[in-house]
Amino acid sequence: MSLSVDVVKDLSASQPAVASATRWRRHDTHWVISLFGTAVGAGILFLPINLGLGGIWPLVIVAVLAGPMTFLAHRGLARFVLSSSRPHADFTEVAEEHFGKMAGRLISALYFLSIFPILLIYGVGLTNTVESFMVNQIGMATPNRVMLSGLLVFAMIAVMLAGEKAMLRVFAFMVYPLAAILAALSCYLIPQWQWPEVTAFEGVSFLNTVWLALPVTVFAFSHAAAISGFANVQRREYGEQAEAKSGLILRNTTVMLVGFVLFFVFSCVLSLSPAQLAEAKAQNVSVLSYLANITDNPVIVTLGPLIAFIAISSSFLGHFLGARESLKSLIAKPTGLPQAKADKLGIALMFFAIWGAAVINPGILGLMETLSGPVIAMILFIMPVIAIYKVEALARFRHGWTNGFILLTGSLAVSALIFSLLK
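Conventions we followed
- Residues numbered from 1 in each chain as written.
- Predicted model: local features only at pLDDT ≥ 70, side-chain atom pairs only at ≥ 80, totals over all residues.
- Heavy atoms only, no water.
- Helix = DSSP H or I, 4+ residues; strand = E, 2+ residues; numbered from the N terminus.
- Buried < 20%, exposed > 50% of the residue type's maximum accessible area, 1.4 Å probe, protein only.
- Contact = heavy atoms within 4.5 Å.
- Areas by Shrake-Rupley, 256 points an atom, 1.4 Å probe, with all protein chains shown as cover.
- Phe/Tyr/Trp six-rings, centres within 6.5 Å; stacked < 30°, edge-to-face > 60°.
- Lys NZ or Arg CZ within 6 Å of the ring centre and 35° of its normal.
- Axes fitted to C-alpha atoms, helices over the stretch in contact; angles between N-to-C directions.
- Parallel < 35°, antiparallel > 145°, perpendicular 65-115°, else oblique.
- Nonpolar A, V, L, I, M, F, W, Y, C, P; charged D, E, K, R; others polar.
- Expected span 1.5 Å × (residues − 1).
- Salt bridge = Lys/Arg side-chain N within 4 Å of Asp/Glu carboxyl O.
- Polar contact = N/O pair within 3.5 Å; in protein donor to acceptor, adjacent residues only side chain to side chain.
- Patch = residues over 30% accessible without salt bridge, like charges linked within 9 Å, V, L, I, M, F, W, Y side chains within 5 Å.
- Left-handed = near helix turned anticlockwise from the far one by under 90°.
- pLDDT = per-residue confidence, 0-100.
- Core = buried A, V, L, I, M, F, W, Y, C linked by side-chain atoms within 4.5 Å.
- Bend = angle between axes of the 7 residues up to and from the residue.

- As named in an unreviewed UniProt entry, the chain is HAAAP family serine/threonine permease, taken from Aeromonas popoffii.

1. A short note on the overall build of the chain
Line of reasoning, step 1. When helices and strands are tallied, the chain shows 17 helices and 0 strands.
Line of reasoning, step 2. Here the chain, with 423 residues, has 55% of them falling under the buried criterion.
Line of reasoning, step 3. In the chain, 82% of the contacts between residues at least 6 apart in sequence involve partners at least 24 apart.
Line of reasoning, step 4. Summed over all atoms, the accessible surface of the chain reaches about 17,800 Å², with 67% contributed by carbon and sulfur.

2. Things to note about the packing of aromatic side chains
Line of reasoning, step 1. This structure, assessed with the given rule, holds 12 aromatic pairs.
Line of reasoning, step 2. An angle of 70° between the planes, with centres 5.1 Å apart, marks the rings of phenylalanine 351 and phenylalanine 352 as edge-to-face.
Line of reasoning, step 3. On the basis of relative accessible area, phenylalanine 352 is assigned to the exposed category, the value being 55%.
Line of reasoning, step 4. Each member of the aromatic cluster is reached from another via a ring pair, and the members are Phe80, Phe91, Phe99 and Tyr111.
Line of reasoning, step 5. Positioned over the ring face of phenylalanine 397 is arginine 79, at 3.8 Å from the centre of the ring.

3. Quick notes on the packing of helix α5 (residues 91-99) against helix α14 (residues 298-335)
Line of reasoning, step 1. Packing of α5 against α14 brings their axes to within 8 Å, and their N-to-C directions diverge by 60°. In this view, α5 runs oblique relative to α14, as classed from their interaxial angle. Contact residues: α5 offers Phe91, Thr92, Glu93 and Glu96, while α14 offers Glu325, Ser326, Ser329 and Lys333.
Line of reasoning, step 2. A per-class count over the contact of α5 with α14 returns 1 nonpolar, 3 polar and 4 charged.

4. Considering helix α10 (residues 224-238)
Line of reasoning, step 1. A rise of 1.5 Å per residue sets the reference length of α10, with its 15 residues, at 21 Å; its end C-alpha atoms lie 21 Å apart and thus fit the reference within 8%.
Line of reasoning, step 2. Looking one or two places after α10, you find glycine 239, whose phi comes out positive at around 60°.

5. Some thoughts on the pattern of salt bridges
Line of reasoning, step 1. For the structure shown, the criterion picks out 9 salt bridges.
Line of reasoning, step 2. Between glutamate 96 and arginine 105 there is a salt bridge whose closest N-O contact spans 3.5 Å.
Line of reasoning, step 3. Between glutamate 237 and arginine 236 there is a salt bridge, and its shortest N-O distance comes to 2.6 Å. Pair check on accessibility: glutamate 237 and arginine 236 agree, each one buried.

6. A few points about the side chain of glutamine 234
Line of reasoning, step 1. For glutamine 234, the position within the fold is in helix α10.
Line of reasoning, step 2. A relative accessible area of 0% means that glutamine 234 is categorised as buried.
Line of reasoning, step 3. At 3.0 Å, the side chain of glutamine 234 and the side chain of histidine 27 are in polar contact.
Line of reasoning, step 4. For glutamine 234, the residues in contact, after removing those within four places along its chain, are His27, Asp28, Trp31, Gly239, Ala242, Ser246 and Ile249.

7. Let's talk about a nonpolar patch on the surface
Line of reasoning, step 1. A cluster of nonpolar side chains, namely Leu106, Leu110 and Leu113, defines an oily patch on the protein surface of about 270 Å² accessible area.
Line of reasoning, step 2. Tracing the sequence through the fold places leucine 113 in helix α6 (residues 101-137).

8. So, the packing of α5 against α6
Line of reasoning, step 1. One can describe the packing of α5 onto α6 by two numbers: an axis separation of 7 Å at closest approach and a directional angle of 145°. Read as a crossing pair, α5 and α6 show a hand that is right-handed. Contact residues: α5 offers Phe91, Thr92, Ala95, Glu96 and Phe99, while α6 offers Lys101, Ala103, Gly104, Arg105, Ile107, Ser108 and Tyr111.
Line of reasoning, step 2. In terms of residue class, the contact of α5 with α6 is made up of 6 nonpolar, 3 polar and 3 charged.

9. A look at the confidence of the model for the chain
Line of reasoning, step 1. Chain-level pLDDT for the chain is 82 on average; 88% of the residues reach the 70-or-more range.
Line of reasoning, step 2. Note on residues 1-16: pLDDT is under 50 here. Beyond four places in sequence and across chains, it has 51 contacts.

10. Regarding the nonpolar core
Line of reasoning, step 1. By size, the foremost hydrophobic cluster in this structure holds 131 residues, and its most contacted members are Phe80, Phe91, Leu288, Phe320, Met350 and Ile354.
Line of reasoning, step 2. A total of 15 residues in this core trace back to one element, the largest contributor, which is α14.
Line of reasoning, step 3. Dropping the residues within four chain positions of it, leucine 288 is found in contact with Leu45, Leu185, Phe264, Ile300, Gly304 and Ile307.

11. Some details on the environment of arginine 145
Line of reasoning, step 1. Counting through the fold element by element, arginine 145 comes out in helix α7 (residues 145-161).
Line of reasoning, step 2. Overall, the relative accessible area of 16% leaves arginine 145 in the buried class.
Line of reasoning, step 3. Residues arginine 145 and threonine 127, 18 residues apart in the sequence, show an inter-C-alpha distance of 7.8 Å.
Line of reasoning, step 4. With residues near it in sequence (within four places) discarded, arginine 145 still touches Val124, Thr127, Asn128, Glu131, Ala358, Val359 and Asn361.

12. Description of the environment of phenylalanine 397
Line of reasoning, step 1. Position of phenylalanine 397 relative to the elements: it lies in the loop between α16 (365-390) and α17 (402-422).
Line of reasoning, step 2. Owing to a relative accessible area of 10%, phenylalanine 397 belongs among the buried residues under this scheme.
Line of reasoning, step 3. The spacing of phenylalanine 397 and glycine 76 is 321 residues in sequence and 9.3 Å in space, taken between C-alpha atoms.

13. Quick notes on helix α4 (residues 56-82)
Line of reasoning, step 1. Taking 1.5 Å of rise per residue, the 27 residues of α4 would be expected to cover 39 Å, and the 39 Å separating its terminal C-alpha atoms lies within 8% of that figure.
Line of reasoning, step 2. Most pronounced at leucine 65, the bend in α4 amounts to some 35°, and the proline proline 68 follows within four residues.
Line of reasoning, step 3. Among the 27 residues that make up α4, 21 are buried, leaving the element largely enclosed by the rest of the structure.

14. Focus: the environment of alanine 416
Line of reasoning, step 1. For alanine 416, the location among the structural elements is in helix α17.
Line of reasoning, step 2. Look at alanine 416 and you get buried, because its relative accessible area is 0%.
Line of reasoning, step 3. Residues alanine 416 and valine 210 lie 206 residues apart in sequence; the distance between their C-alpha atoms is 9.9 Å.
Line of reasoning, step 4. Setting aside its immediate chain neighbours within four residues, alanine 416 contacts Trp211, Leu212 and Pro215.

Right, here's the structure in full:
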């Protein structure tokens, strides 16, 4: 959830005193909720299927790796943003400062292209979810898709334009129910748990399953689109203590995210047999849709659309802000437009692009999401580690095992995605 630099500057004017980083504040809780909402998108509904198909042991290994991967990677990206010598520098400006103008703009373009296809997917998914709910649950006639999609996309963008405080309130309004419903549904499935078939490790096959599961893990827990604005806001609030407080907020976000999501994943996987998981994947439906189809359970039928709507909406907001920030810089610098005009132009372009995708409802968006995956892994995992050994401002982070761990897992995730595309 990247706030524009202009918004951060305006807000900083009303916050002359730097807050203490030693105590936990409501501001910090709001950001935990916002980062959680950015990460928990529509992908969580397919995560149990993707992770559960490989058996219980790969799922356990991925569950162990998920926490360190999520926290260390996002903390590294936040440190990268905070390493700039210029206050309020966004991701694009930091990349240019450390890697040069051409390389910085290339990294920024890749960053935008890693987020924008996801926005198109969410635009389509949000429209389909609301349309399905109106027709199947409420019993209304099929609405005009052009009008429905336009209103939904406009409403999401309007929240962004209302400012940071309004956006944080909307996140809290959506994410608290999302977390509660996920926990309640996970508990509801406990009586249906079946003891999984525990098999021995199968060497190459086991390692291959874990390898191919890493990209799913990276993107299910990713809130990279939020980190640039998040880091800037913490610098405004905490000054020189921003790095320490950012790490604390990201740690608590990771605990909340991994706890809720993995409980949901394990609960769904233990409620379904491997054959049922394979059938759900073949039908290309979410785990909640599959559970509703095979059980005709009114609780799941009711909660499924609600979870999907909240998850897609909250993640849409976070990704839109990240795309807005990067596109503004990409437009302003080559054209010489003022930042404010470039921001308005970028918002208009994204609105019509997302609206158009939602109207057309194309079937290629899944492939676009897969293609954006390697770029996210490179920016979130690999680029910050390279910066640590290149940028003097990050030299104090050159020790320890964490850099090697993040570089290894990021490289494995990228290679697994490329392998999946080529096979």
